[in-house]
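# Residue-level structural notes
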Amino acid sequence: MSDNSSPHVVFQHDLNLGSGDRTQAALIAREALIASPELPILVFDRTSGRAVDLDLRGSAEEVSARYAPEHAPARRGRPKLGVTAREVTLLPRHWDWLAAQPGGASAALRRLVEAARKADEGQSGERLRRDAAYAFMSAMAGDRPGFEEASRALFAGDLLRLADLMAGWPKDIAAEVRTMLAGD
């Protein structure tokens, strides 16, 4: 599920109607639905490329309130630092090594993850952007001429060939694929 701050884009048929966070996208989609209820409206999470379902019922204020970020009351005690506790399964020798590291197991794991992220050199982000572009392409252009060949070009990293193959597609669809690949 996407959060409110992740970028979204709204399409009605082949036209990009606008983009913004989930609240803004819901309001754009609501207005388009009122203006042209006979045309399909799709809202995509730009981070994943997947279509998201939004509840557009009610007034603009009700829709806005439904998707507004929640404001949690101030809590007593330690501030929440964005730390998520999850289970890690390791062999006993791994736990022994981690326990002997300065700062303990958590600090050692954080250092290892940061070193791996640096060594990644952006490949994970590039893969996520490519996968998002493919998910969007499949939904919006899966039945268009050249889709299969465009998909091959996308996964081969041949962006010039991809652009050539998308030339016959509606301009807003091709532009959104480029936007998702750029990570804008």
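Residues numbered from 1 in each chain as written. Predicted model: local features only at pLDDT ≥ 70, side-chain atom pairs only at ≥ 80, totals over all residues. Heavy atoms only, no water.

Applying the stated criterion to the full structure yields 5 aromatic pairs. Ring geometry for Phe11 and Phe44: centres 6.4 Å apart, planes at 85 degrees, overall edge-to-face. A residue pair is termed long-range when its members are at least 10 positions apart, and Phe11 in strand β1 (residues 8-12) and Phe44 in strand β3 (residues 41-45) qualify at 33 residues. Members of the aromatic cluster, connected to one another through ring pairs, are Phe11, Phe44 and Phe136. (Phe/Tyr/Trp six-rings, centres within 6.5 Å; stacked < 30°, edge-to-face > 60°. Helix = DSSP H or I, 4+ residues; strand = E, 2+ residues; numbered from the N terminus.)

This part takes up the side chain of Asp172. Here Asp172 lies in helix α8 (residues 171-182). Ignoring sequence-local partners within four residues, the contact set of Asp172 consists of Phe11, Asp14, Leu15 and Asn16. (Contact = heavy atoms within 4.5 Å.)

Any empty space left between atoms is shown by rolling a water-sized probe over those atoms. Estimates place the volume of the largest pocket at around 400 Å³. Val83, Thr84, Ala85, Arg86 and Arg110 are the residues nearest the centre of the largest pocket, which is lined by 10 residues in total. Taken together, the residues of the lining of the largest pocket sort by class into 5 nonpolar, 3 polar and 2 charged. Every residue lining the second largest pocket is listed: Gln123, Glu126, Arg127, Arg129, Arg130, Leu154, Ala156, Gly157, Leu159 and Leu181. Taken together, the elements giving at least two residues each to the lining of the second largest pocket come down to α5 (123-141) and α6 (147-156). Sort the elements by how many residues they give to the lining of the second largest pocket and α5 lands first, with 5 residues. Among the residues forming the lining of the second largest pocket, the class breakdown is 4 nonpolar, 2 polar and 4 charged. (1 Å grid on protein atoms, 1.4 Å probe; cavity = no way out; pocket = protein on both sides within 12 Å on 5 of 7 lines; lining within 4 Å. Points joined across faces, edges and corners; volume = space filled by probe spheres on them. Nonpolar A, V, L, I, M, F, W, Y, C, P; charged D, E, K, R; others polar.)

We now examine the sheet that holds strand β4 (residues 51-52). The strand order across the open sheet built from 4 strands is β2-β1-β3-β4, with neighbouring strands paired in antiparallel fashion. Looking at which strands have only one partner, the edges of the open sheet turn out to be β2 (15-20) and β4. One ladder, built from 5 bridges, connects β1 with β2; its direction is antiparallel. Residue pairing for β2: Phe11 is matched across the bridge by Asn16. Each of β1, β2 and β3 is contacted by α8, which is oriented at about 165 degrees to β1, the strand it contacts most. (Pairing = 2+ DSSP bridges. Axes fitted to C-alpha atoms, helices over the stretch in contact; angles between N-to-C directions.)

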